[in-house]
There are 2 protein chains.
Amino acid sequence: MTDDRAIILKADELPDKWYNILPDLPEPLPPPMDPPEGYSRVGDLPNLLIGECLKQEMSTERWIPIPEGIRDLFLAAGRPRPLYRAKKLEEKLGTPAKLFYKSEFYSPTGSHKVNTALAQAYYAKEQGFERLTTETGAGQWGNALAYASSLVGLDCTVFWVRAVYRWKPQRLKFMQMFGADVFASPSTQTEFGKTLYAEDSNHNGSLGIAISEGLEDAKNDPKAVYCLGSVLNHVLLHQSIIGLETMKQMEIAGEYPDTVISCLGGGSNFGGIALPWMGEALTKNKEIQFIAAQSEAAPNLQGEYKDDFADHAEMTPMLKMYTLGHQVTMVPIYGDGLRYHGSSPILSLLRNTGHLDAVAYPADEKYVFEKTREFVQAEGFLPAPESAYSVACAMDEAIKCKENNEKKTILFNISGHGFLDLDGYGEVLGLKPQPERS
Amino acid sequence: MTDDRAIILKADELPDKWYNILPDLPEPLPPPMDPPEGYSRVGDLPNLLIGECLKQEMSTERWIPIPEGIRDLFLAAGRPRPLYRAKKLEEKLGTPAKLFYKSEFYSPTGSHKVNTALAQAYYAKEQGFERLTTETGAGQWGNALAYASSLVGLDCTVFWVRAVYRWKPQRLKFMQMFGADVFASPSTQTEFGKTLYAEDSNHNGSLGIAISEGLEDAKNDPKAVYCLGSVLNHVLLHQSIIGLETMKQMEIAGEYPDTVISCLGGGSNFGGIALPWMGEALTKNKEIQFIAAQSEAAPNLQGEYKDDFADHAEMTPMLKMYTLGHQVTMVPIYGDGLRYHGSSPILSLLRNTGHLDAVAYPADEKYVFEKTREFVQAEGFLPAPESAYSVACAMDEAIKCKENNEKKTILFNISGHGFLDLDGYGEVLGLKPQPERS
C-alpha cells in the first residue's frame, strides 16, 4: 500500500528534541515586564514556575533535548500520533487541494494538552515538588494535568471556571478518576477566590480568575508548584512535538504544506503544529501561509499589541501580546478553550511581523459546527469544539482552492476529540431524539 | 529507543488477509438449524444477510483476502492500532508478569465494532443495497454501523434497546452526527415492535427484541439489509484483524503470550483478539491459556450448550451455543455490551472442547471498576465499561503471577474507550463534586 491515507511513525521515530523558535524569530521577543507599580512579578517568577520550565522559557538554544523519561511518557500517551490524508473529505468537497490532518484527538484525556502536562509533571517531580496546581477553562488542560500527575505520582489541584465546571459533569468525573481535587472557581480555597465567592456564590468565574487561584494556592504551599497550559514559551516548546512529528510525516508522504491551519486561543496547539514549519519559513525562505482560526467571542489577535497580565488578579508579569484586556468579559461558547483574552507572546510577535493570518468565526458556532458535521460524516473522527474551528477553516481554504483551481497542500491540526462535548454539538445543530410514535 | 512500551505498525503492515478458524477447529462447527416447527429460517438466510458475509459465514478457507477498499477504510479508521506494554501498571502491582494491551479504544466511534461495520457496509454497498438496519444494546455497535454507513454512503437505521437509549443521550447524538435514524426499541416502526409498545410504551426492550425489529425492517424493504455486530462467524472473521495485528506486534516485541484475555458478551472482540492465537495453539501445539471475562449478569458460558435462537422473536436460525435462553431476563449493568444471552458458536465449541476458560464478575461492577480505576491511574487510558472486565481479569492474573512468582506474558484487549460512560463509573465509584464551602 503506497497510499498516504495514514502516515504512521514508530516509537523509535518519536522526535528526541523540541524546537525552540526564539533564536529564529524575525525580531527579539520582548521580555516579561513588571507593571509600573507594586511588587516585582518578574522577580517572583522563580517562585511561580518549575525551575526547568523557567530555564526553557528564556533559552536561546534552537534544539532542546527531550529527556528519556519524558519520551517514555510520550510513548505511554500514545505518541507519535498518525497524520491522515482527508481523502473522503476532498472528494466530498470536490477540491483539487490535498488535506492532511494531525490526530491529537488520539489522546488519553482528549487533547494535545497532555504533551506539556507530562513534561511539566516530570520536571516538577524531579525538582521535588509533591503537588501541582492549575486552572482550567474548557477542562482539557485540567484533565491533562490530572492525568500527568497521576502517571508520575504527584497530587493535583484544579481550579475550574465555574460556568464550565457545571456543564461538564462527565469531564469532572474523568479528572476525579485520576485522583485530582477539582474546585469550581472562584472557590473558597484561596483568599482571592473567597472575596469573589462572598460577593456571588454563583460567580461564573473566568480563566483569568482561575489562574489567580492556582497561583495563590501554590505560593502558599512550598511543596506545590503552579503549571500553566498555554501562552508561555516553554508550553509552546513542549507542544512543538506535534509539528516535528508532522514534518517527518509530510516528508514520508512526499508533500510540503502551502498552508498550515489551527485554532488559536492562548496558542498552545497552534504553536505546537505551526512553529516548526514557521522556523523553516523564517530560516529557509519557504513560502507557507499560517492561519489561526478564532471565535468572534475572543478574537484576541484582533486586539491591541501591548504589555498585559496573563491573569485577572494581576499576579503574573506583563507579557507583550495581542490582548482584549485581562479583565475583559467574553460571551460563552462551546469551544471554550478559545476563550482567552491574550495570544501567546511568540505568536503575537509573529502576527505583528505579518507572518500570521487570522480569521474569527461567529460566536453562535452554527457555521463551524455544520462544517464539522460534514467532516465527521466524511472522515469519521469527532473533533473537539475548539478543533472544529480548525476543521472549518481548512474546509473554507479547500473550497477557495476549488473556486480558484489551486492544488494547494493544506495541513491542519485536530487538537482534541469531542466525545465529552456531544451536548454542545447537539444543542447548536438541533439534534433531537426521534418522536416515539410514527 | 529499544523499548517495548509502544509497538506501532505502519500502514503497509496492516494485515491483508483475515483468519478463518473454521478449518482449524478441533471438531466441525454444527451448522445453523431450523426449529422443529414453522418456516425455514435457514432457507431465509440469503434474505437476512449480505451475500458476501453469508459466503464467509460458511467458508472453509483458512485465509480470506481483505479487499483493497476495506483495507483503505481500515486505514481511515485508524488501523493498525498500537500495542502497549503496561509497564507502570506492572510496577504498581509489583508483578513479575509482563502485561500487553491492544488499543481498540483508538476508534473513531469508541470500540472495535468499526472493524466489522466497515466490512459489512462495504459489501452491502457493493451488492447494491442503499440502507443498513441493525440493533444495538450498549450503543457501540449501532454507532459503529452509523459511522460505517456514513463513510461508504449508505443510510442507516438503528433499533436501540430503550433502557440504554435513555441513559446515553450523548451516544444518541453521536449516531445522529453521522446522519443515522435511531429508534428506541421496541419502537412503532415494525409490527413486532408495535405489539410490545402497545402493551407498554415504556418497555425497556432487550437486545433480542431489537434484533427482531432490525430483521423485520430489512425484510420489508428490498433496498435494505440487516447487519449483526457479534456472534456470527463472519463477524469474528472481520474482527480477526485485531489478533493478526497483535501477532505481528508481539513478534516485534520478541514476546509470546502465555495468557490471552478479553471480555466476552456475544464474542466479537474476544474472538477478534483470541482466534488467531487459538489457531496457533490448535495447529502448532502452542500452550496458551484463553480467559473470557464475563458478568454474573450474563454468564452465558456457564449456560447450556444447545441450539438456540439469536433473537427474541425467533426470526433467526438456531445456533449451537452456550446460552442462558433467548428470552431470559438479565439485570442491567453499565457494561451493557456483555449482556447477551448466548456466546458465538465458534467460541462455544471451543469452550465445550476445553480450550476456553471463563470467569464471571459480580453484577454490581464495584470490583471491576475499582480495578479499572487503578489501571487508569497507572496507564492513563479510560476503558469502556465492557473492557473494564478485560482489565480486571488481566490484573487478577498478574497478581496470581506475583503470588506464585510466575513470569507470564499476559495479553489483553481493551475493546473500547469509556469517554461516553463516565456517569457509570461515577455512579459505581461514588465520584461526587467537591462541596463548595471548605
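Since we're looking at a predicted model, the values are computed, not measured.

Caption draft 1: The arrangement of the overall build of chain A in detail. Scanning chain A for helices and strands turns up 16 helices and 15 strands. Scaling as 2.2 N^0.38, a compact globule of 438 residues should have a C-alpha radius of gyration of about 22 Å, and chain A matches this with 21 Å. Taking the principal axes of its C-alpha atoms as reference, chain A extends roughly 65 × 60 × 40 Å. Counting the 438 residues in chain A, one finds 67% classified as buried. At a minimum sequence separation of 6, the contacts of chain A that also span at least 24 residues come to 76%. As displayed, chain A has an accessible area near 14300 Å², and 47% of this comes from carbon and sulfur atoms. Distance between charge centroids for chain A: 5 Å, based on 42 positive and 58 negative side chains.

Caption draft 2: Representation of the domain arrangement of chain A. Residue and element names in this part refer to chain A. Looking at chain A, the domain boundaries give domain 1 (6–14 + 78–110 + 233–428) and domain 2 (47–66 + 113–226). A straight line from the C-alpha centre of domain 1 to that of domain 2 covers 23 Å. Contacts between the two partners involve 34 residues from domain 1, matched on the other side by 38 residues from domain 2. Where domain 1 abuts domain 2, roughly 2800 Å² becomes buried across the two surfaces, and 62% of that area is made up of carbon and sulfur atoms. Together, Thr109, His234 and Met315 form the three largest contributors to the area buried by domain 1 at its contact with domain 2, with a combined 23%. Applying the counting criterion to the domain 1 and domain 2 interface returns one salt bridge. The tally of links from domain 1 across to domain 2 stands at 14 residue pairs in polar contact (both at pLDDT 80 or more). When residues in the side of domain 1 that touches domain 2 are grouped by element, the largest group, nine residues, is from helix α11 (residues 233–253). Here the side of domain 1 that touches domain 2 is built from residues that sort into 14 nonpolar, 12 polar and eight charged.

Caption draft 3: Just the pairing of strand β7 (residues 155–161) of chain A, in detail. Residue and element names in this part refer to chain A. Among the seven residues that make up β7, six are buried, leaving the element largely enclosed by the rest of the structure. In this region the chain leaves strand β6 (residues 131–136), passes through helix α6 (residues 140–152) and returns to the parallel neighbour β7; the handedness of that crossover is right-handed. Note that β7 and strand β8 (residues 181–185) share five bridges and pair parallel. Pairing of Trp160 across the sheet is with Ala184, part of β8.

Caption draft 4: Region of interest: helix α2 (residues 51–58) of chain A. Among the residues making up α2 of chain A, those that are buried are Cys53, Leu54, Gln56 and Glu57 of chain A. One face of α2 of chain A carries all of its buried residues, which in axial projection span an arc of 160°.

Caption draft 5: Region of the structure containing the sheet that holds strand β5 (residues 98–103) of chain B. Residues and elements named next belong to chain B. Pairing is mixed in the open sheet, where seven strands are placed in the order β1-β4-β5-β15-β10-β11-β14. At either margin of the open sheet sits one strand with a lone partner, and together these are β1 (6–7) and β14 (357–361). Here six bridges tie β5 to strand β15 (residues 409–414), and the two strands are oriented parallel to one another. Considered in β15, the bridge of Lys98 is made with Thr409. In the packing of helix α12 (residues 268–283) onto the sheet, the strands contacted are β5, β10 (259–263), β11 (289–295) and β15, and the crossing angle to β10 comes to about 160°.

Caption draft 6: How the structure looks around the relation of the copies chain B and chain A. Between the two copies, chain B and chain A, the superposition gives an RMSD of 0.0 Å; the rotation angle is 180° and the shift along the axis is 0.0 Å. Classification of the inter-copy transformation places it as that of a two-fold axis. Interface overlap between copies is the fraction of interface residues in one copy that are interface residues in the other; for chain B against chain A it reaches 100%, indicating a shared surface.

Caption draft 7: A look at the sheet that holds β8 of chain A. Residue and element names in this part refer to chain A. The parallel open sheet is built from four strands, whose spatial order is β8-β7-β6-β9. Of all the strands in the sheet, just β8 and β9 (224–226) have a single pairing partner and so form its edges. Taking each pair of neighbouring strands and ignoring which way they run, the sheet shows an average axis angle of 20°. Where β6 and β7 come together, six bridges link them in parallel fashion. Residue Arg131 lies in a different strand from β7, and its bridge partner there is Asp155. In the packing of helix α8 (residues 169–177) onto the sheet, contacts are made with β6, β7 and β8, and the angle to β7 comes to roughly 165°.

Caption draft 8: Main features of the side chain of Glu245 of chain B. Residue and element names in this part refer to chain B. For Glu245, the location among the structural elements is in helix α11 (residues 233–253). A polar contact of 2.8 Å, which involves the side chain of Glu245, links it to the side chain of Arg79. If sequence neighbours within four positions are ignored, Glu245 has contacts with Leu9, Leu14, Pro15, Arg79, Pro80, Arg81 and Lys102.

Caption draft 9: Just the interface of chain B and chain A, in detail. Listed per partner, the contact involves 72 residues of chain B and 72 residues of chain A. Taken together, chain B and chain A are joined by four salt bridges. When the shortest N-O distance is used, the salt bridge between Lys173 of chain B and Asp423 of chain A registers 2.7 Å. Taken together, the elements giving at least two residues each to the side of chain B that touches chain A come down to α3 (68–76), α6 (140–152), α7 (162–167), α8 (169–177), β8 (181–185), α14 (366–379) and α16 (422–429) of chain B.

Caption draft 10: Layout of unusual backbone geometry. With an omega dihedral of -10°, the bond running from Arg79 of chain A to Pro80 of chain A counts as a cis peptide bond. With respect to the secondary-structure elements, Pro80 of chain A resides in the loop between α3 (68–76) and β4 (83–85). A cis amide bond links Ser185 of chain B to the next residue, Pro186 of chain B, at an omega of 5°. By the element assignment, Pro186 of chain B lies in the loop between β8 and α9 (191–199). Of note, the phi angle at Asn285 of chain A is positive, near 60°, even though the residue is not glycine. Mapping Asn285 of chain A onto the fold places it in the loop between α12 (268–283) and β11 (289–295). Even without being a glycine, Asn405 of chain B presents a positive backbone phi close to 50°. Position of Asn405 of chain B relative to the elements: it lies in the loop between α15 (385–404) and β15.

Conventions and cut-offs
Residues numbered from 1 in each chain as written. Chains lettered and ligands numbered in written order. Predicted model: local features only at pLDDT ≥ 70, side-chain atom pairs only at ≥ 80, totals over all residues. Heavy atoms only, no water. Helix = DSSP H or I, 4+ residues; strand = E, 2+ residues; numbered from the N terminus. Rg over C-alpha atoms; globule rule 2.2 N^0.38 Å. Buried < 20%, exposed > 50% of the residue type's maximum accessible area, 1.4 Å probe, protein only. Contact = heavy atoms within 4.5 Å. Areas by Shrake-Rupley, 256 points an atom, 1.4 Å probe, with all protein chains shown as cover. Lys, Arg positive; Asp, Glu negative; His and termini not counted. Charge placed at Lys NZ, Arg CZ, Asp CG, Glu CD. Domains from an automatic or database assignment. Buried area = accessible area lost by both parts, 1.4 Å probe. Salt bridge = Lys/Arg side-chain N within 4 Å of Asp/Glu carboxyl O. Polar contact = N/O pair within 3.5 Å; in protein donor to acceptor, adjacent residues only side chain to side chain. Nonpolar A, V, L, I, M, F, W, Y, C, P; charged D, E, K, R; others polar. Right-handed = clockwise from strand over helix to strand, strands pointing away. Pairing = 2+ DSSP bridges. Arc of directions from axis to C-beta. Axes fitted to C-alpha atoms, helices over the stretch in contact; angles between N-to-C directions. Least-squares fit on C-alpha atoms with pLDDT ≥ 70 in both.

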